[in-house]
Amino acid sequence: RFSADASITSALPAAGHMARHYIAFDIETAKIIEGPVGDLKSHRPLGITCAATLSSNDEEPRTWHGKRDDGTPAPQMSPEEVSELVRFLVEATSNGATILTWNGLGFDFDILAEESGMVDECKQLARDHVDMMFHVFCQLGYPIGLSKAAEGMGVPGKSSSEAQKLAPDMWAAGKYDEILEYVAQDVRATLAVGQACEERGEICWITRKGYPSCKPLADGWLTVTGALELPEPDTSWMDTPMLRTRFTDWL
């Protein structure tokens, strides 16, 4: 039912340090939007073309997509195919894994809930998982991008920005391998940033002005529930500070 490209190789944590078992996760949406996108979620339902998951115990990501009767990739995943992905994530967490995303709270799990119909399960997954962008946002009062965090941490980042903008068009045009590699690289970058920050006890990123900035992660990465307990940062210097409800309102 799914294309699974996963070689199972155990990665044992360093002696004396029990590393968290992470599963990085990301989706790509299907809807082709003409003109300025603005808030992507205002164009829903968006559909899901494909997704990727990468366990910290594995060497390579697993990719997920819908299939036509002849086995070729479908235009988008059916509700049942999306539900299969949700069930995989639920089972992984029940076995002790921690789901890891970059903006999964405000985007991926919200869309996953809509496309699968498994709303309660997706809300629970969202609350219990580590959304690194949301954690950083709760500390700083503004979000940062995955590519800027990868650059700041000195790890490989996302793939081409062309695929980021044109993923729905490229999928519709049959460029399946390119988009599957793009979403796979997204989860590689997500996991690499997550692990590097945890090892160093800080997150570093490149600011809009082009210089590096770092923030300590005293207790490692917090789940969404944990990040919501952080004190609100001082955002008095901003004209229109972003509120946490922007990410949590669907919960």
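From a predicted model like this one, the values you see are computed outputs, not experimental measurements. For every chain, the first residue of the written sequence is number 1, and numbering continues from 1 along that sequence. The predicted nature of this model means local features are confined to residues of pLDDT at least 70 and side-chain atom pairs, given and counted, to a pLDDT of 80 or more, with totals for whole chains, interfaces and linings taken over all residues. Each side-chain value is derived from all of the structure's non-hydrogen atoms; neither hydrogens nor water enter the calculation.

A few points about the pairing of strand E3 (residues 62–65)
Along any regular strand, the residues point their side chains to alternate faces of the sheet.
Right, so step 1: If DSSP finds at least two bridges between two strands, the strands pair. Secondary structure elements follow DSSP: runs of H or I of four or more residues count as helices, runs of E of two or more count as strands, with numbering from the N terminus. Note that strand E2 (residues 48–55) and E3 share four bridges and pair antiparallel. Following the sheet pairing, Ala52 is matched in E3 by Thr63.
Right, so step 2: Counting the residues that bridge the hairpin from E2 to E3 gives six residues.

Points about the pattern of salt bridges
Right, so step 1: We count a salt bridge whenever a side-chain nitrogen from Lys or Arg sits within 4 Å of a carboxyl oxygen from Asp or Glu. Considering all chains together, one arrives at 11 salt bridges under this definition.
Right, so step 2: A salt bridge links Glu84 to Arg87; its shortest N-O distance comes to 3.6 Å. With a gap of three residues between them, Glu84 and Arg87 both fall in helix H1 (residues 79–94), about one helical turn apart.
Right, so step 3: For the exposure calls, accessible area comes from a 1.4 Å probe over protein chains only, and a residue counts as buried if that area is under 20% of its type's maximum, exposed if over 50%, partly exposed in between. Given a relative accessible area of 37%, Arg87 falls into the partly exposed group.
Right, so step 4: The salt bridge involving Arg200 is made with Glu202; its shortest N-O contact spans 3.4 Å.
Right, so step 5: The exposure class assigned to Arg200 is partly exposed, which follows from its relative accessible area of 44%.
Right, so step 6: Accessibility expressed as a relative area gives 25% for Glu202, which makes it partly exposed.
Right, so step 7: Overlapping salt bridges bring together Lys41, Arg44, Asp110 and Glu114 as one network.

Things to note about the nonpolar core
Right, so step 1: Membership of the largest hydrophobic core comes to 68 residues, with the highest contact counts inside it found for Phe25, Trp102, Phe109, Leu112, Val193, Ile203 and Trp221.
Right, so step 2: For this core, the leading source of residues is helix H7 (residues 176–200), giving 10 residues.
Right, so step 3: In contact with Ile203, not counting residues within four places along its chain, are Trp102, Val136, Ile144, Ala149, Met153, Cys197, Ser213, Cys214, Lys215, Leu217 and Trp221. As used here, the term nonpolar core means buried Ala, Val, Leu, Ile, Met, Phe, Trp, Tyr and Cys residues forming a set that is joined through side-chain atoms within 4.5 Å. In this description, contact between two residues means that some pair of their heavy atoms is separated by no more than 4.5 Å.

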